[in-house]
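Each chain, letter by letter, is given below.
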Amino acid sequence: MASERALKRQQLKQQLQDLIQQHAGGRLPPERELSERFAVARETLRRCLRELEEDGLLQRRQGAGTFVSGQPVVKQLQLMSFSEEMRERGLIPSSEVLSIKSLGANAKLASKLKLTPGAPLLELRRLRLADDEPMALETVYLVRDRLPAFEPEELREGSLYELLMQRFGLQIRSAQQQVQATVLTEEEAEALEVPPFSPSLLVERLVMTGGGEIIEFARSLYRADRYRFEVNVMRAPSGAPGEA
C-alpha cells in the first residue's frame, strides 16, 4: 500500500511538472481545481507542491497563489552593465527610475570614491527589469563633477556604461566587486515582487575608467531566485608560490 501511494505521488509530481512547462512564468490553477483535475486528495497535492517549491520550480505567494519560478539568470563575473547582460541572454532590459537626487558625499562614500567629504554626487535608484519582470534594486552613486549635463532619465531603456562612453567619452576599464548574501526588507521585497525577508544577493561595485578615475559606486540587490553568480577558478600550477 505504501509503495502504491508513493507511485501515485510520483505520477502526480510528473503531471505537475508537465503542467509547469505549460505555465512558464505564470500562475498555476487553484488547488481545488488541480485536485479535481488529477483526482487526488488536497493534502497529497499540497505535499507535491511543497516538494516542487523546495526544488525551486514553484513559488507560493500567500493570498496570490502558486507561481512557476523563472529560470535564474547566470551572471559570470565580467564587467558588463545590467542592460548588456540581459540583452546577451535574449531578454529585454528596462528600468524604472525610483528616485534621483544630488547630495554631498558622506564619510563612507567619500572614502570609497576617493573624494573629500561633501563632494557633489548624483544618487540614482532604479528597479531593473528583464522582460518586464523585476530582477534587481540598484542604487548608483556617480561623481557629479565628472559628468556635466548628465541626464539620468536617459537610462530608462539604455545602459549606463554605453551612455558614459558615447556622451562623455569615458572608457570603463575595471571594477572591484563584492558579493554577499542578505535578506530583503518588506519594502525591497515588495518592489521585487517576492515575499518579505526573501534571500537576496547584495553586490557592491566600484568602477574605474581607463584613466584610473573612480566614476561609480553601485549597490545592487538581486533576487536570489532569479539570479546566480558563476565564477571560474583555476588551480595554481604544481610548485607555484602559495601552494599549500
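Each remark here, short or long, concerns the structure printed above.
Keep in mind the model is a prediction, meaning the values are calculated, not measured.

Points about the sheet that holds strand S8 (residues 199-209)
Moving on, step 1. Here we have 6 strands laid out as an open sheet, ordered S4-S5-S6-S9-S8-S7, and antiparallel in their pairing. Edge positions in the open sheet fall to strand S4 (93-104) and strand S7 (172-183), since each of these has one partner strand only. Ignoring which end each strand starts from, the neighbouring axes of this sheet average 15° apart.
Moving on, step 2. As defined by bridge partners, S4 adjoins strand S5 (residues 120-130) across 11 bridges and the pair is classed as antiparallel. Paired with Leu 103 across the bridge in S5 is Leu 121.

Some words on the nonpolar core
Moving on, step 1. If you look at the biggest cluster of nonpolar residues, it comprises 14 residues, and the most contacted ones within it are Leu 142, Leu 147, Phe 150, Leu 160, Leu 164, Phe 168 and Leu 170.
Moving on, step 2. Going through the elements one at a time, strand S6 (133-143), helix H6 (160-168) and strand S9 (214-223) are the ones with two or more residues in this core.
Moving on, step 3. Here the element with the most residues in this core is H6; it accounts for 5 residues.
Moving on, step 4. Counting 13 residues, the second-largest nonpolar core is a separate cluster that includes Leu 28, Leu 34, Leu 58 and Val 68.

Some remarks on the environment of Glu 216
Moving on, step 1. With respect to the element layout, Glu 216 can be found in strand S9.
Moving on, step 2. Exposure remark for Glu 216: the relative accessible area of 3% places this residue in the buried category.
Moving on, step 3. Separated by 104 residues in sequence, Glu 216 and Lys 112 place their C-alpha atoms 9.5 Å apart.

Quick word on the packing of aromatic side chains
Moving on, step 1. Throughout the structure, instances matching the rule amount to 1 aromatic pair.
Moving on, step 2. Between Tyr 141 and Phe 217, the ring centres sit 6.3 Å apart and the planes meet at 15°, which makes this aromatic pair stacked. Residue Tyr 141 is located in strand S6, and its partner Phe 217 is located in strand S9; the two are separated by 76 residues in the primary sequence.

Points about the environment of Leu 19
Moving on, step 1. Mapped onto the fold, Leu 19 is located in helix H1 (residues 2-22).
Moving on, step 2. Linking Leu 19 and Val 68, residues 49 residues apart in sequence, is a C-alpha distance of 9.6 Å.

Side note on the packing of helix H2 (residues 31-38) against helix H3 (residues 42-54)
Moving on, step 1. Close contact between H2 and H3 brings their axes to 9 Å; oriented N to C, the two are set at 105°. The angle between the axes of H2 and H3 places the two elements in the roughly perpendicular class. The segment H2 lies against H3, with Glu 31, Arg 32, Leu 34 and Ser 35 engaging Arg 42, Leu 45, Arg 46 and Leu 49.

Re unusual backbone geometry
Moving on, step 1. If you check the backbone angles, Lys 114 has positive phi at about 60° while not being a glycine.
Moving on, step 2. Structurally, the position occupied by Lys 114 is in the loop between helix H5 (107-113) and S5.

A few points about the pattern of salt bridges
Moving on, step 1. If you walk through the whole model with that rule in mind, you get 10 salt bridges.
Moving on, step 2. Linking Arg 50 and Glu 43 is a salt bridge whose minimum nitrogen-to-oxygen distance equals 3.5 Å.
Moving on, step 3. Residue class for Arg 50 comes out partly exposed when judged on its relative accessible area of 37%.
Moving on, step 4. Glu 138 is the salt-bridge partner of Arg 126, the closest N and O atoms lying 2.7 Å from each other. Of this pair, Arg 126 sits in strand S5 while Glu 138 sits in strand S6, placing them 12 residues apart in sequence.
Moving on, step 5. Taking relative accessible area as the criterion, Arg 126 reaches 2% and is therefore assigned buried.
Moving on, step 6. Salt bridges sharing common partners tie together Glu 31, Arg 42 and Arg 46.

Description of the pairing of S9
Moving on, step 1. For S9, the tally of buried residues reaches 9 of 10 residues, placing the bulk of the element in the interior.
Moving on, step 2. Here 7 bridges tie S6 to S9, and the two strands are oriented antiparallel to one another. From the neighbouring strand, Glu 138 faces S9, where its bridge partner is Ser 220.
Moving on, step 3. Bridge count between S8 and S9: 9 bridges; the pairing is antiparallel. Residue pairing in the sheet places Leu 206 in a bridge with Phe 217 of S9.
Moving on, step 4. Linking S8 to S9, which pair antiparallel, is a turn of 4 residues; within it Gly 212 sits at a positive phi near 85°.

Parameters at a glance
Residues numbered from 1 in each chain as written. Predicted model: local features only at pLDDT ≥ 70, side-chain atom pairs only at ≥ 80, totals over all residues. Heavy atoms only, no water. Pairing = 2+ DSSP bridges. Helix = DSSP H or I, 4+ residues; strand = E, 2+ residues; numbered from the N terminus. Axes fitted to C-alpha atoms, helices over the stretch in contact; angles between N-to-C directions. Core = buried A, V, L, I, M, F, W, Y, C linked by side-chain atoms within 4.5 Å. Buried < 20%, exposed > 50% of the residue type's maximum accessible area, 1.4 Å probe, protein only. Phe/Tyr/Trp six-rings, centres within 6.5 Å; stacked < 30°, edge-to-face > 60°. Parallel < 35°, antiparallel > 145°, perpendicular 65-115°, else oblique. Contact = heavy atoms within 4.5 Å. Salt bridge = Lys/Arg side-chain N within 4 Å of Asp/Glu carboxyl O.

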